[in-house]
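Summary of the model geometry
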Amino acid sequence: MRQALVLAKQGEGKVSPNPMVGCVVVKNGIVIAEGYHERYGGFHAERNALQNCKEDTEGAELYVTLEPCCHYGKMPPCTEIIIEKKIKTVYVGCLDSNPKVAGKGVQILREHGILVETGILEQECRTLNEVFFHYMETNMPFLTMKYAMTLDGKIACETGDSKWVTGEESRNYVQFLRNRCRGIMAGIGTVLTDDPMLNCRMEGGRNPVRIICDSRLRIPLDSQIVKTASEIETIVVWNPAKAIAWRAQGEGLEEKKQELESHGLFLLEVPTGADGELELSYLLGQLAKRGIDSILLEGGGTLNASVLRANLVQRVYAFIAPKLVAGADAKSPIEGSGISRMKDAVRLEDLEVIRFGEDVCMTGRLTGKSASYRSFGLQVSEKQNLCRREEKCLPES
């Protein structure tokens with residue numbers, strides 16, 4: 001099963017919104033086949049392993065990190081080929097939360113005389129796919145808040161200068177996080193201040209869907225986001241009432257909308273809440289319907305405070321640089337009105353501390369957010385080595 005877990009991780013960043021799955025086939029104590037879910041729309045792990053097996057599989061054992069599927073989707077059910085290949089025993093890491101499967105795959109195999117044992121390294125198998133399980137069980141994207149700050153808690157100097165808070169190794173790992181997530185979200189303040197590209201600059205990586213929270217539709221037509229929208233899927237989240245109020249009787253609003261859409265941006269209307277700001281819970285629900293199962297939040301202090309207040313954050317990655325910049329007006333990673341008593345502070349659990357050069361990254365899940373899933377799918381030593389040995393990040397474009 002550990003070998004199957006290692007195989008499954010090879011699908012990271014390629015199979016979303018499907019889960020990462022690995023499979024190993026053993027006969028007489030010898031591995032005769034292995035496979036993993038390589039890309040969304042491609043064969044599942046079990047089918048990849050069994051179709052490519054050159055040995056007789058009758059009476060073999062099959063180890064798979066997630067319950068075999070039993071329904072027709074983009075691919076035929078994996079239960080069919082397992083039965084067809086006369087597998088004797090199936091060891092399953094964890095059951096599938098997809099209601100189309102959810103125990104039915106195991107049941108079908110048992111009904112065909114196959115011995116099935118579940119819960120093999122269950123904790124590790126659920127950890128591997130914490131995004132998938134959250135998405136399936138809540139119908140909401142898994143939201144990861146990421147920020148970089150100095151040792152005195154600043155994300156920029158008082159002048160607004162922020163290049164660079166952390167070192168190159170930390171920034172390379174951020175590209176890895178972007179590749180993992182289906183979407184990346186930022187506020188209009190970040191766009192106006194930094195004019196970011198918000199793409200994935202990891203060699204062989206996948207660009208996440210860019211989601212810009214811009215209630216008044218202020219995004220500049222000459223921004224990098226707009227200029228590259230025909231190449232990278234981009235959603236601008238706005239509210240008509242706020243956009244009209246910001247302009248004199250909505251003057252020029254229709255023209256702005258038409259120009260943005262002509263550049264390839266999708267404009268997503270979202271209502272406002274009682275505080276007059278975008279209703280973020282509604283937004284995430286709409287994004288989930290579009291198949292966006294995970295979001296990396298790279299916003300400023302205002303947007304970070306809003307999602308935290310709305311109880312939408314699942315995990316935090318805080319990169320801390322050994323620098324001090326001071327300044328009472330220098331921006332901090334999470335702003336807003338804050339919490340009045342320390343005992344009520346939002347806490348993280350299942351903490352990991354990772355070193356990237358001189359920087360330290362602290363990551364953990366918010367208390368009560370299904371903390372049994374321990375990390376985003378890699379052990380600390382693997383995280384440290386991955387950026388150094390396997391990933392070549394491209395320069396800022």
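Please refer to the structure higher up on the page.
Here's a quick rundown of the structure. (Residues numbered from 1 in each chain as written. Predicted model: local features only at pLDDT ≥ 70, side-chain atom pairs only at ≥ 80, totals over all residues. Heavy atoms only, no water.)

1. Some words on the environment of Y282
Using the following cut-off: Note on conventions: DSSP H or I runs of at least 4 residues are helices, E runs of at least 2 residues are strands, and numbering of each starts at the N terminus. Contact definition: two residues touch when any of their heavy atoms are within 4.5 Å.
Mapped onto the secondary structure, Y282 falls in helix 12 (residues 280-289). C-alpha separation for the pair Y282 and M140, spaced 142 residues apart in sequence, amounts to 9.8 Å. The contact partners of Y282, leaving out residues within four places of it in the chain, are E269, V270 and P271.

2. Here we look at a nonpolar patch on the surface
Stated precisely, the cut-off is as follows: Within the patch definition used here, like charges are joined within 9 Å and nonpolar side chains (Val, Leu, Ile, Met, Phe, Trp, Tyr) within 5 Å, considering only residues with over 30% relative accessible area and no salt bridge. Only the protein chains shown count as cover for residues, and all accessible areas are computed by the Shrake-Rupley method using a 1.4 Å probe. Salt bridges, as used here, are contacts in which a Lys or Arg side-chain nitrogen is within 4 Å of a carboxyl oxygen on Asp or Glu. Classification of residues uses two cut-offs on accessible area relative to the type maximum, computed with a 1.4 Å probe and protein chains only: under 20% is buried, over 50% is exposed, and between them is partly exposed.
There is a patch of nonpolar side chains on the surface, built from L351, V353 and M362 and spanning about 240 Å² of accessible area. Its place among the elements puts L351 in strand 13 (residues 348-356). The partly exposed category is assigned to L351, whose relative accessible area is 41%.

3. Comments concerning the environment of I188
By secondary structure assignment, the location of I188 is in helix 8 (residues 188-194). With relative accessibility at 9%, the residue I188 sits in the buried group. Measuring from C-alpha to C-alpha, the distance between I188 and V236 comes to 9.4 Å, with 48 residues separating the pair along the chain.

4. A few points about the packing of aromatic side chains
Each aromatic ring pair is summarised here by two numbers: the centre-to-centre distance and the angle between the ring planes. To be explicit about the condition: Any Phe, Tyr or Trp ring, taking Trp's six-membered ring, that has another such ring centre within 6.5 Å forms a pair; planes under 30 degrees apart are called stacked, those over 60 apart edge-to-face, and the others tilted. Charge over a ring is defined by NZ of Lys or CZ of Arg lying within 6 Å of the ring centre and within 35 degrees of the ring normal.
Counting across every chain of the model gives six aromatic pairs. Measuring from ring centre to ring centre gives 4.7 Å for Y63 and Y91, while their planes differ by 15°; the resulting arrangement is stacked. Of this pair, Y63 sits in strand 3 (residues 61-66) while Y91 is found in strand 4 (residues 89-94), placing the two residues 28 residues apart along the sequence. According to the relative accessible area criterion, Y91 is buried, its value standing at 17%. Across the ring face of W164, the terminal group of K163 is positioned such that the distance to the ring centre comes to 5.2 Å. Positioned above the aromatic ring of F266, the side-chain terminus of R290 is 4.3 Å from the ring centre.

5. Let's talk about the pattern of salt bridges
Counted according to the given criterion, the structure contains 13 salt bridges. Of the charged contacts, one joins E130 and R315 as a salt bridge, the two residues approaching to 3.2 Å between their closest N and O atoms. One end of the pair, E130, is in helix 6 (residues 130-138); the other, R315, is in strand 12 (residues 315-321), with 185 residues separating them in the sequence. With respect to class, E130 is no different from R315; both count as buried. In this structure, the salt-bridge partner of R178 is E298, at a minimum N-O distance of 2.9 Å. Here R178 is found in helix 7 (residues 168-180), whereas its partner E298 is found in the loop between strand 11 (294-297) and helix 13 (301-309), with 120 residues between them in sequence. Here R178 falls in the buried class, since its relative accessible area comes to 7%. Via salt bridges that share partners, E130, R315 and R365 belong to a single interconnected network.

6. Here we look at the sheet that holds strand 2 (residues 30-36)
Test applied: When DSSP finds two or more bridges between two strands, those strands count as paired. Axes, fitted as lines to C-alpha atoms, cover a helix only where it is in contact. Angles between the N-to-C directions of the axes lie from 0 to 180 degrees.
The five strands lie next to each other as 2-1-3-4-5, forming an open sheet whose pairing is mixed. Each edge of the open sheet carries a strand with a single partner, namely strand 2 and strand 5 (115-118). Each neighbouring strand pair of the sheet contributes to a mean axis angle of 15°, computed without reference to strand direction. Sitting on the sheet, helix 4 (residues 104-111) touches strand 4 and strand 5, and the angle it makes with strand 5 is about 150°.

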